Amino acid sequence: SKRLLGADILHPNLARKIRGNLSAALLQNGDFYGCIRECSTIIQEDSDNVKALYRRHLCYVKHGEFQKALIDLRRALRCTPLHPSLKRSAEELKRGMNQTHYEVLGVAESASFYEIR
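Residues numbered from 1 in each chain as written. Predicted model: local features only at pLDDT ≥ 70, side-chain atom pairs only at ≥ 80, totals over all residues. Heavy atoms only, no water.

*Asks:* Help me out: how do you make sense of the overall build of the protein chain in this one?
*Replies:* Helix and strand counts for the protein chain come out as seven helices and zero strands. Listed by position from the N terminus, the elements making up the protein chain come as α-α-α-α-α-α-α. Across the 117 residues in the protein chain, those meeting the buried criterion constitute 33%. As displayed, the protein chain has an accessible area near 7900 Å², and 53% of this comes from carbon and sulfur atoms. (Helix = DSSP H or I, 4+ residues; strand = E, 2+ residues; numbered from the N terminus. Buried < 20%, exposed > 50% of the residue type's maximum accessible area, 1.4 Å probe, protein only. Areas by Shrake-Rupley, 256 points an atom, 1.4 Å probe, with all protein chains shown as cover.)

*Asks:* Is there a simple way to explain the packing of helix α4 (residues 50-62) against helix α5 (residues 66-79) in this structure?
*Replies:* For any two helices packed against each other, the geometry comes down to the angle between their axes and how far apart the axes lie. Two elements in contact, α4 and α5, have axes separated by 8 Å at closest approach and are oriented at 160°. The angle between α4 and α5 falls in the class roughly antiparallel. Here α4 and α5 pass one another in a crossing that is left-handed. On α5, the residues touching V50, L53, R56, H57, Y60 and V61 of α4 are F66, K68, A69, D72, L73, R75, A76 and C79. Each residue belonging to the contact of α4 with α5 can be placed in one class, and the counts come to nine nonpolar, one polar and four charged. (Axes fitted to C-alpha atoms, helices over the stretch in contact; angles between N-to-C directions. Parallel < 35°, antiparallel > 145°, perpendicular 65-115°, else oblique. Left-handed = near helix turned anticlockwise from the far one by under 90°. Contact = heavy atoms within 4.5 Å. Nonpolar A, V, L, I, M, F, W, Y, C, P; charged D, E, K, R; others polar.)

*Asks:* Mind showing me how you'd approach the side chain of R56 here?
*Replies:* Among the structural elements, R56 can be located in helix α4. Only 3.0 Å separates the side chain of R56 from the side chain of S40, close enough to count as a polar contact. In contact with R56, not counting residues within four places along its chain, are I36, C39, S40, I43, D72 and R75. (Polar contact = N/O pair within 3.5 Å; in protein donor to acceptor, adjacent residues only side chain to side chain.)

*Asks:* Is there a simple way to think about the nonpolar core in this case?
*Replies:* Side chains of a nonpolar character, in soluble globular proteins, are inclined to be buried together. Core analysis: the largest hydrophobic core is formed by 19 residues, its most contacted members being C35, A52, C59, A76, L86 and L93. Tallying contributions element by element places helix α3 (residues 32-45) first for this core, with six residues. The contacts of C35, once residues within four sequence positions are left out, are S23, L26, L27, R55 and C59. (Core = buried A, V, L, I, M, F, W, Y, C linked by side-chain atoms within 4.5 Å.)

*Asks:* Looking at this structure, I do not really get the environment of D48. What am I missing?
*Replies:* By the element assignment, D48 lies in the loop between α3 and α4. C-alpha separation for the pair D48 and L77, spaced 29 residues apart in sequence, amounts to 9.9 Å. Not counting residues within four places of it along the chain, the set of residues in contact with D48 comprises L53 and C79.

Next comes the structure, spelled out in structure tokens:
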């Protein structure tokens, strides 16, 4: 990832804040790959950065990369287990994964075991 005008070396905490703000803007504007890139850089330096983990999780969900989204969400929940947005996302992700599995199989959610086989 590109350096932020030398801030990465001289002021790493400032660079992390700038990247955090940039990742929020990228997410809001729908540049999910850009947001993933910036969040990944933050996470490399601060593996427990909940905001970066959560934003990257949201981007992975948007792209249907549910396993990666789940990994980030679990890491964020380990840091702040009572955070309401994280808990809500966990439930939504669980529903999304189940819904996707049914869609892949081409059956309704109410399908019986025999219909799924």
